[in-house]
Amino acid sequence: VALLKNGKRTAILLGSPLTQGAALMQAGRIAAATGATLLAPFGFTRIERGAGMPVVERVAYVVDQALAQLKAFEQFILIGAAVPVAFFAWQGKPSVLVPEDAEVHTLAKPDDDIAGALAMLEDGMKAKNRALVLQQPTPVSSPTGAITIDGLAMVIGAALPEGVIVVDESIT
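Cut-offs applied
Every chain begins its residue count from 1, and numbering advances along the sequence as written. Reporting in this predicted model follows two pLDDT cut-offs: at least 70 for local features of residues, and 80 or more for side-chain atom pairs to be given and counted; totals over whole chains, interfaces and linings ignore these cut-offs and use all residues. Heavy atoms from the whole structure form the basis of all side-chain values; hydrogens and water molecules are not counted. Helical segments are the DSSP runs of H or I of at least four residues, strand segments are the runs of E of at least two, and each set is numbered from the N terminus. Our radius of gyration looks at C-alpha atoms and nothing else; its globule reference is 2.2 Å times the residue count to the power 0.38. Relative accessibility under 20% of the residue-type maximum defines a buried residue, over 50% an exposed one, and the middle range a partly exposed one, all with a 1.4 Å probe and only protein chains included. Side-chain atoms within 4.5 Å link the members of a nonpolar core, which is a set of buried Ala, Val, Leu, Ile, Met, Phe, Trp, Tyr and Cys residues. We call two residues in contact when some of their heavy atoms are within 4.5 Å. In the analysis that follows, any N or O atom pair within 3.5 Å is treated as a polar contact, provided that within protein one partner can donate a hydrogen and the other can accept it, and provided that, for residues neighboring in sequence, both atoms belong to side chains. The working definition used for a salt bridge is a side-chain nitrogen of Lys or Arg within 4 Å of a carboxyl oxygen of Asp or Glu.

A. Focus on the overall build of the chain. When you go through the chain residue by residue, the secondary structure sums to four helices and five strands. Scaling as 2.2 N^0.38, a compact globule of 172 residues should have a C-alpha radius of gyration of about 16 Å, and the chain matches this with 17 Å. Along the longest, intermediate and shortest principal axes, the C-alpha atoms of the chain span 50 × 45 × 30 Å. Taken across its 172 residues, the chain has 34% of its residues classed as buried.

Put into structure tokens, the structure is as follows:
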């Protein structure tokens, strides 16, 4: 609890299954109460996203992008997740992606009672009745003009039904 009150820019890295259901909402309330940013490892198993859900950023796969993303934080709190590391060893690039001067605190390891640890943190932060900061629906209009990757994504996104499951196989 003290870590979330020390004024440092904080990322809470959530392991599975904390990126879905009631656990995700608990994490969202903690983030809303503290100003922390919720992160998920690049290789998560499942995450609920979209309008009406708390924002969870995925740690970037590409080393340079992940380093740029994570340099914004002074401390990391791991709940059921490991320290972010590079997917491959790259010559001249660090394997551990958190900034060297950042503090890393493990609240619960993946084999621990991570749901219980999250609930205790929510209680300790008195965040149970905290209003969530949720993703808002984004109206999508059909693009016009030349076919582009962004335009294709907009067309597909606009056609997806509510509650659809999207499988992300973008790892390679």
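B. Molecular detail of the nonpolar core. Formed by 24 residues in total, the largest nonpolar core has its most connected members in L4, I12, L18, L38, I79 and L118. With five residues, the top contributor of residues to this core is helix α1 (residues 21-34). Those residues in contact with I79, other than ones at most four positions away along the chain, are I12, L13, L14, G15, L18, L107, A108, I114, L118 and L121. Grouped together as the second largest cluster of nonpolar side chains are 16 residues, L39, V59, F76 and A86 included.

C. Looking closely at the side chain of T19. By secondary structure assignment, the location of T19 is in the loop between β1 (10-14) and α1. When its relative accessible area of 1% is taken as the criterion, T19 is described as buried. At 2.4 Å, the side chain of T19 and the backbone oxygen of R46 are in polar contact. Aside from chain neighbours lying at most four places away, what touches T19 is L14, L24, A40, R46, I47 and E48.

D. Inspection of the pattern of salt bridges at higher detail. For the structure on display, the rule yields five salt bridges. Between E103 and K8 there is a salt bridge, with the nearest N and O atoms lying 2.3 Å from each other. Here E103, found in strand β5 (residues 103-108), pairs with K8, found in the segment before β1; they are 95 residues apart in sequence, far enough to count as distant. The exposure class assigned to E103 is partly exposed, which follows from its relative accessible area of 31%.

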